[in-house]
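Commentary on secondary and tertiary structure
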Amino acid sequence: MPVTKQTKRPRAASAAKPLVSASWLKPSSWAYSTDPDVLIGQYANLKRQVPLLYLLLIIIAIASLYLMAGAGPFLIIGTVAGLFVAVGTVRMVWWIWFLPEPDQISVAEARSLLHRTTLAVLPICISYVAYSFLLDAYGDPTQRAGVAICLVMTATGCIFCLMHLPQAALLVNLTTMVPYSIYQVVSGNETFLMVALIAAMVTTLMIRVSLNAHEAFTELITSRAELAQQRGKAERLAVENARLAMTDVLTGMPNRRLFLSYLEDRVQRSASAGSGFVVGVLDLDRFKPVNDIHGHATGDYLLVEVGKRLQSIASDTLLVARLGGDEFGLLIDGDDATASAIGSEVITLLHQPFLIDGHRLSLGCSIGFASFPFAGTTAISIFDRADYALYDVKAERRGAYAFFTPELETHLRAETELESALLSADLASELAVELQPIICLDTAKVRGVEALARWNSALVGQVDPTRFIKVAERLNIMGNITTTLFAKLLAYAVVLPGDLGLSFNLSTCDIVSPGTIDMLIATIVDQGIAPERVTFEITETAWMQDYQTAITHIERLRSMGVAIALDDFGTGFSSLSYLSRLPIDKIKIDRSFVCNLAEPGVGKIVTAIMSMCETLGVECIAEGVESMEDCLTLKRMGCSLAQGYALARPMDIANLQAWLEDGNCQPGDGCLQPGLLALPAFAELQNRYPPPRKAS
Ligand code: C2E
Ligand code: CA
Ligand code: CA
């Protein structure tokens, strides 16, 4: 048995308690429990068992009359027995009907009742023993034996019934067996004395057994209470965990998971109620550069502040959540007009500068909205469409909101088609490289060529590079495309004049991918191309996606001797302080400036860019030059490198070779383009601005 105890869950109070111990001799074993659950449990037991105890006493009283029939003073015996029956009945009824149910009694009441029950043992037992002595005095030996059996059985029954009130059970034993044994000693009948002693021993043993049972009962109740307590704690923890799993740790806002679960719920409710709602996906503008320049701690703080501003407009009809990174979600109970009003409010709210660590930080945001059920009928489809509307508004006009429209649906389908075409494309055969010359306006010599990607898909035909490159980036397969294109360009380089520069565009994904950078370096080395011939063109926006990683990779490329050009200059971040820190060798002025040179202000900007290039010591290339007039203007402004349809269109390698042959290429001297020189405007250019004479 002790083994069984030890294998049980260890518990402070009872784990090491052996079944047979001397603990019952200790006064503490007989004190009332202080545990409210145990007290109520004891009361519940008594409420069930005490009526039985009184029933037993009533039956014994009636049985005694039958037993003593014809013996002694029947009037006295009958009166006493009748009294026992009456009192027993009243007490039994009282216990059954007049005492409160265990779940309705207070702990103090229960304790008081236990105490009173223990005390009640004294008069009952003493009067029963006295009654037994009376019967014993008048009975013949057989009747006396019957009385003895009745007394012992009554005591045993009472001890059983009072099992969960050990104090009372002990009192029963003491007040019955002790006087009865003394009585038998005095009466001098050895047989009855033996009966009394054996009975006392048995009842004492029963006390021990009932005490064990009571201990087990106490233990059960305590462990049940402990279990309930632990279960309560586990439930509270589970609730807390669920709350945490649904909360964004940084901002304390609902997180993506909670947002999507609300969205699921909203879709179901709206589907059955036939009502509409709008989902918004919000993306911060200019967060990335702030994070890169001021550090992640500031970035985190900024996100918290953004969260606070957004939370300030949250209501019963507007749920705001952080979806991750600098993306937030809006769940709007209302129609498109409500969503538009909220969109404007949010944009104004986030447009106001944030003051953090003494820095005045300006953000902004773009929002894509999708309304139920027009944009989608499942949570995921409606969320994706809001995301797509965001993607579109970010590409078209940052700092605004837009709804998912039927045109976007068409666009989305085309994108999906494009995605699957790109995923199944045979890149080696479907991708091609066209080359567009970059010309020196001073000499009409070809300085280099820019490689431009072409994709002739077997499934969807010719696809614009800006389109398929975006898709490839989203599909995370840009690395393969860049590898294929760069290998093709360097393969061409072998058949091109040795001093011709080779410009190659790198995308956002490329400059943050160590694998792609390794591959670019390895291809240059393997092909034996002089790194000085190679220029990688990178746009500002691509650069800013992950500034630190980009810088590390760019430095690696530059350290091997390749040049870096900042592409599409003027369309991105264009912070001058930032620009001075970028490790670049060239700047390409975006076509949007070059083709608007005639506009007032644009010329000034281009002149400013050129003088800035001079200050920074970087080369300046004007791209998208579409007319000789623009060539002239650029030349007058001091720009000597240009690229554009007016000079040469992008062409395949065969056409480029033919075009260059006309130019009488000499290694080390660039390619003179007589074709260009023959153009009247270019000739005029040459006359007006003769190339600087070479020092002899
Ligand atoms: P980009 O790097 O700014 O390339 C110049 C784009 O301007 C080319 O468009 C070129 O064909 C076009 N262009 C050149 N001169 C003129 C002109 O006088 N007028 C006009 N209107 N356009 C002119 P394309 O080939 O469609 O390429 C578009 C963009 O796609 C490129 O812009 C570049 O961002 C991207 N791209 C092209 N090839 C690659 C590539 O191999 N890798 C990566 N990552 N991006 C590429
Ligand atoms: Ca470019
Ligand atoms: Ca460009």
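Please refer to the structure placed before this passage.
Summarised in this report is the structure supplied together with it. Just so we're clear, the structure is a prediction, and the values are computed from it rather than from any experiment.

**Digging into the coordination of the calcium ion (ligand 3)**
The protein atoms donating to the calcium ion (ligand 3) are Asp567 (OD), Asp568 (OD), Glu623 (OE) and Glu623 (OE), with metal-donor distances spanning 2.1 to 2.6 Å. Each donor residue of the calcium ion (ligand 3) lies on one chain, and together they are spaced D-D-x54-E. Taken as a pair, the calcium ion (ligand 3) and the calcium ion (ligand 2) lie 3.8 Å from each other and share Asp567 as a ligand. Highlighted residues: Asp567 in strand E13 (residues 563-569) and Glu623 in strand E15 (residues 619-623), separated in sequence by 56 residues. Judged by its relative accessible area of 6%, Asp567 is buried.

**Observations concerning the packing of helix H9 (residues 287-294) against helix H10 (residues 296-311)**
The N-to-C vectors of H9 and H10 enclose an angle of 140°; their axes lie 6 Å apart at closest approach. By the angle between their axes, H9 is oblique relative to H10. Taken together, the residues of H10 that come into contact with H9 (itself represented by Phe287, Val290, Asn291 and His294) are His296, Thr298, Gly299, Leu302 and Leu303. Residues belonging to the contact of H9 with H10 are distributed by class as follows: four nonpolar, five polar and no charged.

**Focus on the coordination of the calcium ion (ligand 2)**
Summarising the metal site, the calcium ion (ligand 2) is bound by the protein donors Glu450 (OE), Asn505 (OD1), Glu537 (OE) and Asp567 (OD), whose distances to it range over 2.1 to 2.3 Å. As a motif over one chain, the donors of the calcium ion (ligand 2) read E-x54-N-x31-E-x29-D.

**Re helix H6 (residues 166-187)**
Given a rise of 1.5 Å per residue, 22 residues ought to cover 32 Å, and the 31 Å separating the end C-alpha atoms of H6 matches this to within 8%. Within H6 the residues assigned to the buried category are Pro166, Gln167, Ala168, Ala169, Val172, Asn173, Thr175, Thr176, Met177, Tyr180, Ser181 and Gln184. Buried residues in H6 make contact with helix H2 (36-67), helix H4 (107-138), helix H5 (141-161) and helix H7 (190-245). Of the residues flanking the end of H6, it is Gly188, one or two places downstream, whose phi is positive at about 75°.

**Digging into the pairing of strand E9 (residues 445-457)**
By the criterion of burial, E9 is predominantly enclosed, with 11 of the 13 residues buried. Summarising the sheet, strand E8 (residues 431-440) and E9 pair through 10 bridges and their orientation is antiparallel. If you follow Pro437 over to E9, its bridge partner there is Val449. Where E8 hands over to E9, the hairpin turn is made up of four residues, of which Ala444 adopts a positive phi near 60°. Bridge analysis of E9 against strand E11 (residues 501-505) gives four bridges, and the strand direction is parallel. In the sheet register, Val449 faces E11, and the bridge partner there is Leu502. Strand direction decides the pairing type here: E9 and strand E10 (residues 461-463), joined by three bridges, are antiparallel. In the sheet register, Asn456 faces E10, and the bridge partner there is Gln462.

**As for helix H18 (residues 514-527)**
With 14 residues, H18 should cover 20 Å at 1.5 Å per step; its first-to-last C-alpha distance of 20 Å lies within 8% of that length. Every buried residue of H18 is accounted for by Thr516, Ile517, Met519, Leu520, Ile521, Thr523 and Ile524. As for H18, its buried residues are in contact with helix H16 (478-493), helix H17 (508-512), strand E12 (534-539) and helix H20 (547-559). Two residues or fewer after H18 comes Gly528, characterised by a positive phi angle close to 65°.

**Some details on the site of ligand 1**
Ala453, Arg454, Arg591, Glu626 and Tyr645 are the nearest of the 22 residues found near ligand 1. Taking Gln436, its side chain carries an N or O atom lying 3.0 Å from a nitrogen atom of ligand 1. Within the side chain of Glu626, one N or O atom sits 2.6 Å away from a nitrogen atom of ligand 1. With the chains in place, 84% of the 790 Å² that ligand 1 exposes on its own is no longer accessible. Of all elements in the fold, only E9, helix H15 (465-475) and E13 reach the threshold of two or more residues within the shell around ligand 1. At four residues, E9 tops the list of elements feeding residues into the shell around ligand 1. Grouping the constituent residues of the shell around ligand 1 by class yields nine nonpolar, six polar and seven charged.

The rules we used
Residues numbered from 1 in each chain as written. Chains lettered and ligands numbered in written order. Predicted model: local features only at pLDDT ≥ 70, side-chain atom pairs only at ≥ 80, totals over all residues. Heavy atoms only, no water. Donors = N, O, S within 2.8 Å, 3.2 Å for Na, K, Ca; no water. Helix = DSSP H or I, 4+ residues; strand = E, 2+ residues; numbered from the N terminus. Buried < 20%, exposed > 50% of the residue type's maximum accessible area, 1.4 Å probe, protein only. Axes fitted to C-alpha atoms, helices over the stretch in contact; angles between N-to-C directions. Parallel < 35°, antiparallel > 145°, perpendicular 65-115°, else oblique. Contact = heavy atoms within 4.5 Å. Nonpolar A, V, L, I, M, F, W, Y, C, P; charged D, E, K, R; others polar. Expected span 1.5 Å × (residues − 1). Pairing = 2+ DSSP bridges. Near = heavy atom within 4 Å. Polar contact = N/O pair within 3.5 Å; in protein donor to acceptor, adjacent residues only side chain to side chain. Areas by Shrake-Rupley, 256 points an atom, 1.4 Å probe, with all protein chains shown as cover.

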